[in-house]
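Working through the structure, step by step
Spelled out from the first residue to the last, the chains are:
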Amino acid sequence: MTPPLVTVVMTTYNYGRFIEEAIESVLSQDYPPERLEIVIVDDGSTDDTAERVGKYGAEVRYFFKPNGGQASALNFGFANARGEIIALLDAVDFWLPGKVRRVVEELQKNPELGMVYHAFLEFDMETKERRNPPFRPVSGHFFGGKKEFFWYQPPGTATAYRRKALEAILPLPEEVRMLADGYLDVLIAFNSPVLAIPEYLAAYRFHGNNNFHADEQEMPRETRKSRIDKWEVLIVAICKGLADKGFTREQPPVRSFLDRLTLRQEQDKFKLQAPGRLRFFRHLMLYNRCYGPHLSRRLRLVNYFNALGALATGYKHFYLLDQWRERATISVRRLISPASAGRA
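Figured I'd write up the structure that's included with this text. In this text, all values refer to a predicted model and were calculated from it rather than measured experimentally.

1. What to know about the layout of surface pockets
Volume-wise, the second largest pocket comes out at about 370 Å³. Lining the second largest pocket are 20 residues, and of these Phe150, Pro252, Pro253, Ser256 and His294 lie nearest its centre. Every element with two or more residues in the lining of the second largest pocket is listed here: helix H8 (252-272) and helix H9 (277-291). With 7 residues, H8 is the single largest residue contributor to the lining of the second largest pocket. Looking at the lining of the second largest pocket residue by residue, the class counts come to 9 nonpolar, 5 polar and 6 charged.

Given below as structure tokens:
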């Protein structure tokens, strides 16, 4: 049987210094080269990207367009892709051996799948360190009835889509200049099942401009604000995309997912500006409502205690609750221990 045609859509903007390794990682895959096409969308680069890509001639299809952001570049790439399977690759990243073969195997096994994703390594350009970050494989879809899918995280560019499933949610809203792949990964999981492969099949580079993976403690204020703004645009687009497909907050999976997005965004905002006591209390209560069904009874009680305690401590002194609880636990143990010894 003829293997399916796989199109690799690679978007780039001034990543000439990385793009050759990205291309080579695709060309070296153990998959029939005549069934693999590379579509590169250059979103207005001003560096030497075009010259570097030009070395590959007919092995790649290169398109240059004015800068319009990630969603714009992806829409252009999808429109020019011919494959029945479409895989994403950022020009700054690269694939590991066996990636295409493994993805195609899974999509061929299950015709219902809309997307396959997998774990990826982290490669720090400054320290030259390679890390295997933890990966929680979550398969299924939002309406599959499994509580495990609550923990689904949009996997970013470690993804491959069945063309039919992708077309059902396109075009991408072009106001999403960054994180557009996150939009895809959310909308597609509401429309069709997805599958996680617990194997490291790609590498993600830290190169100094990754706003979304910087050290939380050392992140500059402007970088954090930029990240918040980009997430805000993405969240608005996701809400509209879900509504356009007929999904509403009345549906528990939709409400649960949107609550998780809200909580994540609020946590980032609080690091820029501490919330008032009442706002922080509402944040903690939303957390309890959202995560409560997935936590133990004891942990839920602790969380409700924390929410009430936050009204007294506020955000900046919230850490004191742990100290008070620890002291109280030690005191109780001291009271109980002599009594237990006497009964012995």
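2. Section: the packing of aromatic side chains
All told, the structure shown has 22 aromatic pairs when counted by the stated rule. Geometrically, the ring pair formed by Phe150 and Tyr291 is edge-to-face, given 5.1 Å between the ring centres and 90° between the ring planes. Taken together, the positions of Phe150 in the loop between strand E7 (130-131) and strand E8 (159-162) and Tyr291 in helix H9 put the pair 141 residues apart, joining distant regions of the chain. The buried category is assigned to Phe150, whose relative accessible area is 9%. Exposure remark for Tyr291: the relative accessible area of 14% places this residue in the buried category.

3. Concerning the pairing of strand E1 (residues 6-12)
Most of E1 sits out of view: 7 of its 7 residues are buried. Residues Val6, Val8, Met10 and Thr12 of E1 are buried on one face, and the alternating residues Thr7, Val9 and Thr11, pointing to the opposite face, are buried as well. For E1 and strand E2 (residues 36-42), the ladder comprises 7 bridges, and the chain directions are parallel. Residue pairing in the sheet places Val9 in a bridge with Val39 of E2.

4. As for the pattern of salt bridges
Two side chains carrying opposite charge are able to pair once their charged atoms lie near each other. The final tally for this structure, using the stated rule, is 24 salt bridges. Here Glu105 ties to Arg102 by a salt bridge, and the two come within 3.1 Å at their closest N and O atoms. A residue pair is termed a helical-turn pair when its members lie 3 or 4 positions apart in one helix, as Glu105 and Arg102 do in helix H4 (residues 99-109) at 3 residues. For Glu105, a relative accessible area of 32% puts it in the partly exposed group. Within the structure, one salt-bridge network assembled from shared partners comprises Asp30, Arg101, Arg102, Glu105, Glu106, Lys109 and Glu199.

Cut-offs applied
- Residues numbered from 1 in each chain as written.
- Predicted model: local features only at pLDDT ≥ 70, side-chain atom pairs only at ≥ 80, totals over all residues.
- Heavy atoms only, no water.
- 1 Å grid on protein atoms, 1.4 Å probe; cavity = no way out; pocket = protein on both sides within 12 Å on 5 of 7 lines; lining within 4 Å.
- Points joined across faces, edges and corners; volume = space filled by probe spheres on them.
- Helix = DSSP H or I, 4+ residues; strand = E, 2+ residues; numbered from the N terminus.
- Nonpolar A, V, L, I, M, F, W, Y, C, P; charged D, E, K, R; others polar.
- Phe/Tyr/Trp six-rings, centres within 6.5 Å; stacked < 30°, edge-to-face > 60°.
- Buried < 20%, exposed > 50% of the residue type's maximum accessible area, 1.4 Å probe, protein only.
- Pairing = 2+ DSSP bridges.
- Salt bridge = Lys/Arg side-chain N within 4 Å of Asp/Glu carboxyl O.

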